[in-house]
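Below are the chains, spelled out letter by letter.
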Amino acid sequence: MLTFDPYDREYGLDPYPLYTRLRDEAPVYHNPGMKFWALTRFEDVLNAHRDAKLFSSAGGVTIEGTEASMPFLIVKDQPEHTWSKALVVKLFSRPRMIALDAFIRTRAGELLEALYDKHGPNGEFDFVAEFTVPLPLSVISELLGIPEEYHDEIHHLSNITVSRGPDRDMNAVAMATMRTMQIYMELAADRRANPRDDVVSMLIAEEVQGEDGAKHRLEDHEIAARFLEMGFAGHETVAKAIPNGAMAFHHFPDEHDRLLNDRSLLRNAVDEILRFDPPSQLQGRTTTSDVMLHGVTIPAGEKVMLVTGAATRDPRTFENADRFDVTRPVSDYLSVFFGFGIHKCLGVHLARQEIAVAFDELLTRFPNYRVAPERATRAILSNVRGVATLPITLGERAA
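Residues numbered from 1 in each chain as written. Predicted model: local features only at pLDDT ≥ 70, side-chain atom pairs only at ≥ 80, totals over all residues. Heavy atoms only, no water.

Draft legend 1. Summary view of the sheet that holds strand β10 (residues 303–307). An order of β1-β2-β10-β7-β3 is seen for the 5 strands of this open sheet, with the pairing classed as mixed. The sheet is open, and its two borders are formed by β1 (28–31) and β3 (55–56), each paired with just one other strand. Here β3 runs beside strand β7 (residues 282–287); their pairing, made up of 2 bridges, is antiparallel. Looking across to β7, one finds that Phe55 is bridged to Thr287. Sheet contacts for helix α3 (residues 42–50): β2 (36–39), β3, β7 and β10; angle to β10, the most-contacted strand, approximately 120°. (Pairing = 2+ DSSP bridges. Helix = DSSP H or I, 4+ residues; strand = E, 2+ residues; numbered from the N terminus. Contact = heavy atoms within 4.5 Å. Axes fitted to C-alpha atoms, helices over the stretch in contact; angles between N-to-C directions.)

What follows is the structure, encoded as structure tokens:
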């Protein structure tokens, strides 16, 4: 019997054999016990992303949908989504992204050099804890303009929030999330009383006109929620994608050598990393009307999981889909990785840039690095795929 349980350990360790069966045998899958449907073929997933009216985000983007009650952008539909997004889009303006490029490269280099000084060429350490978590945390702090006096605490709280593994303390995660929201709320309240030339003050002062003609501004709790949402999304994607990519290069060493010898392939390699083993595996939607697909009717009001991890390995769209190939042209399909239309991820370019710089700096400084996927650990999560730990040795510094 074909069963899809996103919390099953066997699925969490390697979901791709199950995805093959789902695409072939049940492209519109129903799990009545867990009360969700699943779409796994590329075209179906893409079309669902495109139709935000029929496949609404308002019911939450996970199976449980607990985030639906939060003031997050990802669970807003039009017209509220339009003006809410417009108020934060300036954070990702081209001038800000260009200025951030130099910071990303500098920070990645600093982290790698510090790790080499600490562990040497042959000392093994956890790639996740010591590189792929700190890098995006530093970048998101820089993007959001979080004052330096908050960096250490935000870093500590973020590490708790995004912690993975069998020892994860959910009560500690909840407390860390609440404290992070409190910091952002206090920061917003202070800037409202004492405006400065910074990101928080800019968001407070920003005003846009909605489709109803009314003027809209963000309240303090909404600013805090945006910071929390962007911080988590911006961190989680990159922190998972970099080790996923390192493991892909381990299993396909010819592709490692190809990129090492031709850095012009870097951008495409990043896209292939996101296709081959995407950190975001499932995105939840709720149907607003009945949907007929492949002879099956999904009733209105039902939770539907768009299974990105299955879609990006669909052989109907990708030739030799289970092979990692840094020359594969995949940029046209990025909408499935980062959403489409109104729910397209604001930080898509930033995430790709962070991943690209991470591998560029790693290959330039330590081309003979080695990871040990067989000793990596995983936490089983419903919608995110990545390792909690990954052993690495840097090897000798490049000449």
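Still more ground to cover, so stick around.
Draft legend 2. Structural context of the packing of aromatic side chains. If you walk through the whole model with that rule in mind, you get 14 aromatic pairs. Summarising the aromatic geometry, the rings of Tyr16 and Tyr19 are spaced 5.6 Å apart at their centres and angled 80° between planes, so their arrangement reads as edge-to-face. Here Tyr19 and Tyr16 lie together in helix α2 (residues 16–25), a separation of 3 residues that amounts to about one turn. Comparing Tyr16 with Tyr19, the two get one shared label, buried. Judged by centre distance (6.1 Å) and plane angle (45°), the ring pair of Phe252 and Phe324 falls under tilted. Of this pair, Phe252 sits in the loop between α11 (220–251) and α12 (253–261) while Phe324 is found in the loop between α14 (308–311) and α15 (334–338), placing the two residues 72 residues apart along the sequence. Residue Phe252 shares its accessibility class with Phe324, and that shared class is buried. Through pairs of rings, three or more aromatic residues link up here, namely Phe4, Tyr11, Tyr16, Tyr19, Tyr29 and Phe36. The lysine or arginine in question, Arg313, covers the ring of Phe276, its NZ or CZ lying 4.0 Å from the ring centre. (Phe/Tyr/Trp six-rings, centres within 6.5 Å; stacked < 30°, edge-to-face > 60°. Buried < 20%, exposed > 50% of the residue type's maximum accessible area, 1.4 Å probe, protein only. Lys NZ or Arg CZ within 6 Å of the ring centre and 35° of its normal.)

Draft legend 3. Broad picture of the packing of helix α5 (residues 94–119) against helix α7 (residues 134–144). Interhelical geometry of α5 versus α7 gives an angle of 150° and a closest axis separation of 10 Å. The two elements α5 and α7 cross, and the hand of that crossing is right-handed. On α7, the residues touching Arg96, Met97, Leu100, Phe103, Ile104, Arg107, Ala108 and Leu111 of α5 are Pro134, Leu135, Ser138, Val139, Glu142 and Leu143. (Left-handed = near helix turned anticlockwise from the far one by under 90°.)

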